[in-house]
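Letter by letter, the chains look like this.
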Amino acid sequence: MRIGIVCYPTFGGSGVVATELGLEMASEGHSVHFISYSQPVRLDPYAANVFYHEVSVSNYPLFDYSPYELVLTSKLVSVVKNENLDILHVHYAIPHASAAYMAKQILAAEGIHIPIVCTLHGTDITLVGKDASFEPVITFAINKSDAVTAVSDSLKADTLEYFNVKREIQVIPNFIDLKYFDSMKPNGIRDRYLPTGERLVMHLSNFRKVKRVEDVALIFAKIQEKVPSQLLLMGDGPERNNVEKMCRDLGICDRIHFLGKTKKIEQFLVNADLFILSSETESFGLAALEAMAAGVPVISTNTGGLPEVNKHGFSGYLSDVGDIDSMAKNAISILASDEELAKFKANARVQALKFDLKKIVPQYEALYRSLILPLK
Ligand code: GMT
């Protein structure tokens, strides 16, 4: 198949999932064309069968706001036509699904028929999408896609609740490429951060408000009172300054380390003893899955799709949003005992295996084929 993938290039989960999906399809021999405004962070543009098409936005002075959706639409028309694509898969509804719809209409006028798959990832529905200023466009674009997928049952339910969706929504959960984690070698991170053999706690996110990273610091403050430990914070974003201030206020800056944005997250995760994800809302929680794939138990909130990913009392524990005491108590119960820690680490890995890309990616492949075949 000749596949077009439209995604955000940034560190967010939707771009990561789109990239990993495309790379796996390419490794199976399909031609995969990534279309985005800059090179997706996890993309290897030199991989066989992978192509990258950049959307360059005009900065003509007349435009106070650059018309990104229009240049994306034109790029989609051009790539579908010139690369003879069979299918276009857009990740994140805004503005990718509506741009794809417009491109589809332009191409249809030229006798070219391209099926569109739209994958909903979370904030496109739960935060941004239900904003009244976007809602009509999103509803329309979802209904006009040839197939719609959501990354969790929870996100499917939210979509049906917030939007008047007529189209079937297929749940295809996010997945993980276990080879990244299995091939990791000891890399000295524990020696560097845990000179006296403490426990290593981690968090990874884009530091947006929805992630409640301040809660991570508060939970960790309680953990380190009972279990000698260090916290590594991976990622960066708008809330970082507030979190840094909180660490100073808590007087534990020497135990909290900000790593910033990092591509090779597995290098760090494989060293962790515990992962914390205390988000306000999370349609899936890819970071939690990445931690479990590294054999790291997860302390998370019980919001959105997280209960579908993290199993309470097995791969970690779930608590209500903002319940710092409960999350700290659960974390300590795992970290304080070598036996509990070993059991939860093994369970985390077992849970992650359910989301092995070898089980999930064929579901996308089958979906693509079901849409392409009737056109042949
Ligand atoms: O979490 C973010 O802010 C990034 C966002 C994205 O679109 O990149 O993540 C969403 O999609 C991920 C991949 O499907 C999910 O794992 C995240 O749970 C979801 N984020 C939220 O729902 C807040």
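Up top is the structure these notes are about.
Now for a description of the structure that goes with this document.

1. Concerning the sheet that holds strand 6 (residues 147–150)
Here is step 1 of the chain: The parallel open sheet is built from seven strands, whose spatial order is 3-2-1-4-5-6-7. The outermost strands of the open sheet, each flanked by one partner alone, are strand 3 (50–54) and strand 7 (169–171). Averaged over all pairs of adjacent strands, the angle between strand axes in this sheet comes to 25°, irrespective of strand direction.
Here is step 2 of the chain: With five bridges connecting them, strand 2 (residues 31–36) and strand 3 associate as parallel partners. Each bridged residue has a counterpart across the sheet, and for valine 32 the counterpart in strand 3 is valine 50.
Here is step 3 of the chain: Lying on the sheet, helix 1 (residues 13–27) is in contact with strand 1 (2–6), strand 2, strand 3 and strand 4 (87–91); it crosses strand 2 at an angle near 160°.

2. Here's the deal with the side chain of asparagine 310
Here is step 1 of the chain: If you trace the backbone, asparagine 310 turns up in the loop between helix 13 (306–309) and strand 13 (316–319).
Here is step 2 of the chain: Side-chain polar atoms of asparagine 310 contact the side chain of serine 315, separated by 2.8 Å.
Here is step 3 of the chain: A polar side-chain atom of asparagine 310 sits 3.4 Å from the main-chain carbonyl oxygen of tyrosine 317.
Here is step 4 of the chain: In contact with asparagine 310, other than residues within four places in its own chain, are Met292, Val298, Ser300, Ser315, Gly316, Tyr317 and Leu318.

3. With respect to the site of the ligand
Here is step 1 of the chain: Surveying the vicinity of the ligand reveals 18 residues, the closest of which are Ser14, His121, Arg208, Lys211 and Glu282.
Here is step 2 of the chain: With respect to the ligand, the backbone of glycine 285 contributes an N or O atom lying 3.0 Å from an oxygen atom.
Here is step 3 of the chain: One nitrogen or oxygen atom from the main chain of leucine 286 is found 3.0 Å from an oxygen atom belonging to the ligand.
Here is step 4 of the chain: When grouped by side-chain class, the residues that make up the shell around the ligand number four nonpolar, eleven polar and three charged.

4. Focus on the packing of helix 9 (residues 213–226) against helix 14 (residues 324–335)
To characterise two packed helices, one gives the angle between the axes of the helices and the distance between these axes.
Here is step 1 of the chain: The N-to-C vectors of helix 9 and helix 14 enclose an angle of 45°; their axes lie 9 Å apart at closest approach. By the angle between their axes, helix 9 is oblique relative to helix 14. Between helix 9 and helix 14 the crossing geometry is right-handed. Contacts from Asp215, Leu218, Ile219, Lys222, Ile223 and Lys226 in helix 9 reach Ile324, Asp325, Met327, Ala328, Ala331, Ile332 and Leu335 in helix 14.
Here is step 2 of the chain: Looking at the contact of helix 9 with helix 14, its residues break down into nine nonpolar, no polar and four charged.

5. Looking at the packing of aromatic side chains
Here is step 1 of the chain: Using the criterion set out here, one finds six aromatic pairs in the structure.
Here is step 2 of the chain: Pairing phenylalanine 284 with phenylalanine 355 gives two aromatic rings, centres 5.7 Å apart and planes at 85°, and the pair type is edge-to-face. Pair noted here: phenylalanine 284 is in the loop between strand 11 (274–277) and helix 12 (286–293) and phenylalanine 355 is in the loop between helix 15 (338–353) and helix 16 (357–372), with a separation of 71 residues, a long-range link.
Here is step 3 of the chain: Relative accessible area serves as the criterion here: at 4%, phenylalanine 284 is assigned to the buried category.
Here is step 4 of the chain: You can call phenylalanine 355 buried: its relative accessible area is 8%.
Here is step 5 of the chain: Their ring planes at 40° and their centres at 5.2 Å tell us that tyrosine 317 and phenylalanine 344 sit as a pair that is tilted. Remark: phenylalanine 344 occurs in helix 15 and tyrosine 317 occurs in strand 13; sequence separation between them is 27 residues. Just as tyrosine 317 is buried, phenylalanine 344 falls in that class too.
Here is step 6 of the chain: A connected cluster of aromatic rings, assembled from ring pairs, spans Tyr8, Tyr37, Tyr68 and Tyr92.
Here is step 7 of the chain: Above the ring of tyrosine 180, the side-chain terminus of lysine 179 is found at 5.2 Å from the ring centroid.

6. A short note on the environment of asparagine 347
Here is step 1 of the chain: Summarising the element assignment, asparagine 347 is placed in helix 15.
Here is step 2 of the chain: It is 11 Å that separates the C-alpha atoms of asparagine 347 and histidine 312, two residues lying 35 residues apart in sequence.
Here is step 3 of the chain: If we ignore the near neighbours within four places in the chain, the residues touching asparagine 347 are Phe314 and Ser315.
Here is step 4 of the chain: One polar contact links the side chain of asparagine 347 to the main-chain carbonyl oxygen of phenylalanine 314, over a distance of 3.1 Å.

7. Let's talk about the packing of helix 1 against helix 16
Here is step 1 of the chain: Between helix 1 and helix 16, the least distance of the axes is 11 Å, while the angle of their chain directions is 80°. Relative to helix 16, the element helix 1 lies roughly perpendicular. On helix 16, the residues that touch Leu21, Glu24 and Met25 of helix 1 are Leu357, Lys358, Val361, Tyr364, Glu365 and Tyr368.

8. Observations regarding the nonpolar core
Here is step 1 of the chain: Leu76, Leu88, Met202, Leu269, Phe275 and Leu289 are the most contacted members of the largest nonpolar core, which has 95 residues in total.
Here is step 2 of the chain: Examining the composition of this core, we find that eight residues originate from one element, helix 16, more than from any other.
Here is step 3 of the chain: Residues lining this core come from more than one domain, with at least three contributed by each of domain 1 (2–175 + 357–375) and domain 2 (179–353).
Here is step 4 of the chain: Other than its neighbours up to four places away in sequence, leucine 76 contacts Val6, Ile35, Leu88, Ala99, Ala100 and Ala103.
Here is step 5 of the chain: Core analysis: the second largest hydrophobic core is formed by 28 residues, Phe207, Val213, Ala331 and Leu335 among them.

9. Some details on the sheet that holds strand 10 (residues 256–260)
Here is step 1 of the chain: The sheet built from six strands is open, its strands ordered 10-9-8-11-12-13 with parallel pairing. What marks the edges here is a single partner per strand, and that holds for strand 10 and strand 13. Between one strand and the next, the sheet's axes are offset by a mean angle of 20°, whatever the strand orientation.
Here is step 2 of the chain: Both strand 8 (residues 199–204) and strand 9 (residues 229–234) contribute to a ladder of six bridges, which runs parallel. If you follow leucine 200 over to strand 9, its bridge partner there is glutamine 230.
Here is step 3 of the chain: With respect to the sheet, helix 9 is in contact with strand 8, strand 9, strand 10 and strand 11, its orientation differing from that of strand 9 by roughly 165°.

Parameters and conventions
- Residues numbered from 1 in each chain as written.
- Predicted model: local features only at pLDDT ≥ 70, side-chain atom pairs only at ≥ 80, totals over all residues.
- Heavy atoms only, no water.
- Pairing = 2+ DSSP bridges.
- Helix = DSSP H or I, 4+ residues; strand = E, 2+ residues; numbered from the N terminus.
- Axes fitted to C-alpha atoms, helices over the stretch in contact; angles between N-to-C directions.
- Contact = heavy atoms within 4.5 Å.
- Polar contact = N/O pair within 3.5 Å; in protein donor to acceptor, adjacent residues only side chain to side chain.
- Near = heavy atom within 4 Å.
- Nonpolar A, V, L, I, M, F, W, Y, C, P; charged D, E, K, R; others polar.
- Parallel < 35°, antiparallel > 145°, perpendicular 65-115°, else oblique.
- Left-handed = near helix turned anticlockwise from the far one by under 90°.
- Phe/Tyr/Trp six-rings, centres within 6.5 Å; stacked < 30°, edge-to-face > 60°.
- Buried < 20%, exposed > 50% of the residue type's maximum accessible area, 1.4 Å probe, protein only.
- Lys NZ or Arg CZ within 6 Å of the ring centre and 35° of its normal.
- Core = buried A, V, L, I, M, F, W, Y, C linked by side-chain atoms within 4.5 Å.
- Domains from an automatic or database assignment.

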